[in-house]
Protein chains: 2
Amino acid sequence: MISRPPRPRDRGIPEATVARLPVYLRALQALQERRTLTISSEALAAAAGVNSAKLRKDLSHLGSYGTRGVGYEVEYLVYQISRELGLTQDWSVAIVGIGNLGRALANYGGFGTRGFRIAALLDADPTMVGQSVAGLKVGHIDRLEEAVRDNGVSIGVIATPAGSAQHVANRFVEVGVASILNFAPVVLNVPEGVDVRKVDLSIELQILAFHAQRRADGDGREPADRTGLELT
Amino acid sequence: MISRPPRPRDRGIPEATVARLPVYLRALQALQERRTLTISSEALAAAAGVNSAKLRKDLSHLGSYGTRGVGYEVEYLVYQISRELGLTQDWSVAIVGIGNLGRALANYGGFGTRGFRIAALLDADPTMVGQSVAGLKVGHIDRLEEAVRDNGVSIGVIATPAGSAQHVANRFVEVGVASILNFAPVVLNVPEGVDVRKVDLSIELQILAFHAQRRADGDGREPADRTGLELT
DNA sequence: CCCACTTTGTGCGTAGTTTCACAAGCACGT
DNA sequence: ACGTGCTTGTGAAACTACGCACAAAGTGGG
């Protein structure tokens, strides 16, 4: 069962590369729907919005799956990336916090095209419990442990208010969920070995504002010590 | 021996730093509510989930706002970071695509605590137009240009299906919106000078899956590639 | 006034990431 | 068979980011 295959894959794929693989995968799947059989790094890079050298180096971490003079076979590459990302197996996801965002997530069909199954929806609000959302009955948060165990949940999504997020995270960790996607605007504290990724809308807006302001500032530099409001 | 002349031009705060400033800001605002007057880099770093040296270096890019032996004055730092991020001015935001996600965004009150004002909601679906969401009337996408001009919108949020995203982006760019936050699962093509940030739920899940798979492959142990090869 | 103590700001070595540029490899036409 | 043309895979250079460790700078007590 446990294959120590003769071709032990280099398990040291750079984090930056991992973050881009899903983008390549999506571009490749779009190509697949258009019946494209092969594609060059140049063209795929353009579709993914990256530099072609970067794309080639990224793919080289998975192995040598291209053909010089031709390009990459789309279908084969889709399979290889999917496998590397762990999408050839199914992942059960539980979403906690069925507010506006939680509902949006639950209804978001194309979760990774496939590979992810939303197995449980949980909320603390008694009036929410029992309602049907995206074809699933919302359960009470008190049953989190049960829901995780019964459904083999391995990924937890937190879409609660900031105040409850840490508590929910603790519960997740407690029952063995080691992958958490956090939408609440707080920094979660988790033990080593637990993987947390955060998606933060207001942070993204603030970063945009920073660049927008910089553009507006004529194009200058000068941040430094400006203790009040002066400027022009 | 021939070293290139030093570039004292400290133009620009590192991108990595910019991305963390909002996190610091949020932590500081929480402290402010607890009436904390000053805080050390050590404590603030813990609250923000980063290394204290990194935090000090980040803050040093804004200027010398700390007091040795004491720490940072919370209120002053809040102001400085806000100013650097451009939050001391107001930004008008338009959201296009009032589906589940668009509604969630419109209702998400704490948009950056302040500084961001949702000025317009637009959708292509005629049955959606005219409805009231989060206290705003949904307008038809055809009026995008009008809505942007009338409200001084400078940030556009795209929450449409993938197929419409590029089209909406083009329209935004056309009317001079140079900051776009994209939730649609596509790579947007925009001219130079336009700033696009993307938030992609399924990509985040795929990255989590990658790490989860790695954990599982290894055998009960953890990644453990922290201690790479020592000297040889 | 001076000393002990605390905490900032930063120089520097290390690690990670991006990009260039080109040799090596493959397909295809002749 | 063999050259021509195209595209991959990858050394190496250039950047960027990280975190340690410590001197500098400020506080407060005696």
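Residues numbered from 1 in each chain as written. Chains lettered and ligands numbered in written order. Predicted model: local features only at pLDDT ≥ 70, side-chain atom pairs only at ≥ 80, totals over all residues. Heavy atoms only, no water.

(A) Seen up close, the UniProt feature "binding site: NAD(+)" (unreviewed entry) in chain A. All names here are of chain A. As annotated by UniProt and renumbered to match this structure, "binding site: NAD(+)" (unreviewed entry) occupies Gly97, Ile98, Gly99, Asn100, Leu101 and Gly102. Secondary-structure assignment places Gly97 in the loop between strand E4 (91–96) and helix H5 (100–107). We classify Gly97 as buried; its relative accessible area is 7%. Look past the residues within four positions of Gly97 in its chain and what remains in contact with it is Gly102, Leu122, Asp123, Ala159 and Thr160. Tracing the backbone shows Gly99 in the loop between E4 and H5. (UniProt positions renumbered as here; feature names shortened; annotations may be inferred. Helix = DSSP H or I, 4+ residues; strand = E, 2+ residues; numbered from the N terminus. Buried < 20%, exposed > 50% of the residue type's maximum accessible area, 1.4 Å probe, protein only. Contact = heavy atoms within 4.5 Å.)

(B) Focus on the sheet that holds strand E2 (residues 66–67) of chain B. Residue and element names in this part refer to chain B. Read across the sheet, 3 strands follow the order E1-E3-E2 without closing on themselves; strand pairing throughout is antiparallel. Because the sheet does not close on itself, it has two edges, and the strands there are strand E1 (38–39) and E2. Looking at chain direction, E1 and strand E3 (residues 71–73) are connected through 2 bridges and run antiparallel. Along E3, the bridge assignment pairs Thr38 with Glu73. Strand contacts of helix H4 (residues 74–85): E1 and E3, with the helix running at about 75° to E3, the strand carrying the most contacts. (Pairing = 2+ DSSP bridges. Axes fitted to C-alpha atoms, helices over the stretch in contact; angles between N-to-C directions.)

(C) Local environment of the interface of chain A and chain B. Chain A puts 70 residues into the contact, and the matching count from chain B is 69 residues. Of all residues in chain A, the largest losses of buried area upon contact with chain B belong to Leu205, Gln206 and Leu208 of chain A, amounting jointly to 11% of the total for that side. The tally of links between chain A and chain B comes to 4 salt bridges. Viewed at the interface, chain B and chain A are joined by 22 residue pairs in polar contact (both at pLDDT 80 or more). When residues of the side of chain A that touches chain B are traced back to their parent elements, those giving at least two are helix H1 (15–33), helix H2 (41–48), helix H4 (74–85), H5, strand E9 (179–182), strand E10 (195–198) and helix H8 (201–216) of chain A. (Buried area = accessible area lost by both parts, 1.4 Å probe. Salt bridge = Lys/Arg side-chain N within 4 Å of Asp/Glu carboxyl O. Polar contact = N/O pair within 3.5 Å; in protein donor to acceptor, adjacent residues only side chain to side chain.)

(D) Spotlight on the protein's contact with DNA strand C. Close contacts around DNA strand C come from 27 residues, with Arg20 and Arg68 of chain A together with Ser41, Arg56 and Tyr72 of chain B the closest. Sugar and phosphate atoms form 64% of the subset of DNA strand C atoms that lie within 4 Å of the protein. At 3.4 Å from a base nitrogen of DNA strand C is found a side-chain nitrogen or oxygen belonging to Arg56 of chain A. Gly69 of chain A is positioned such that a nitrogen or oxygen atom in its backbone is 3.4 Å from a base nitrogen of DNA strand C. Residue assignment for the surface near DNA strand C shows that the elements contributing at least two residues are H1 and helix H3 (52–60) of chain A together with helix H3 (52–60), E2 and E3 of chain B. For the surface near DNA strand C, the element with the highest residue contribution is H3 of chain A, accounting for 4 residues. By residue class, the composition of the surface near DNA strand C is 7 nonpolar, 11 polar and 9 charged. (Near = heavy atom within 4 Å. Nonpolar A, V, L, I, M, F, W, Y, C, P; charged D, E, K, R; others polar.)

(E) Looking closely at the domain arrangement of chain A. When the domains of chain A are assigned, the result is domain 1 (15–83) and domain 2 (91–203). Just the C-alpha atoms count here: the centres of domain 1 of chain A and domain 2 of chain A sit 31 Å apart. (Domains from an automatic or database assignment.)

(F) Inspection of the relation of the copies chain A and chain B at higher detail. Mapping chain A onto chain B is achieved by rotating through 180° and translating by 0.0 Å along the same axis, at an RMSD of 0.1 Å. Interpreted geometrically, this transformation is the action of a two-fold axis. Within chain A, Leu101 of chain A has its C-alpha nearest the rotation axis, a separation of 3.2 Å. Mapped onto chain B, 87% of the interface residues of chain A are again interface residues, and the two copies thus contact each other with one and the same surface. (Least-squares fit on C-alpha atoms with pLDDT ≥ 70 in both.)

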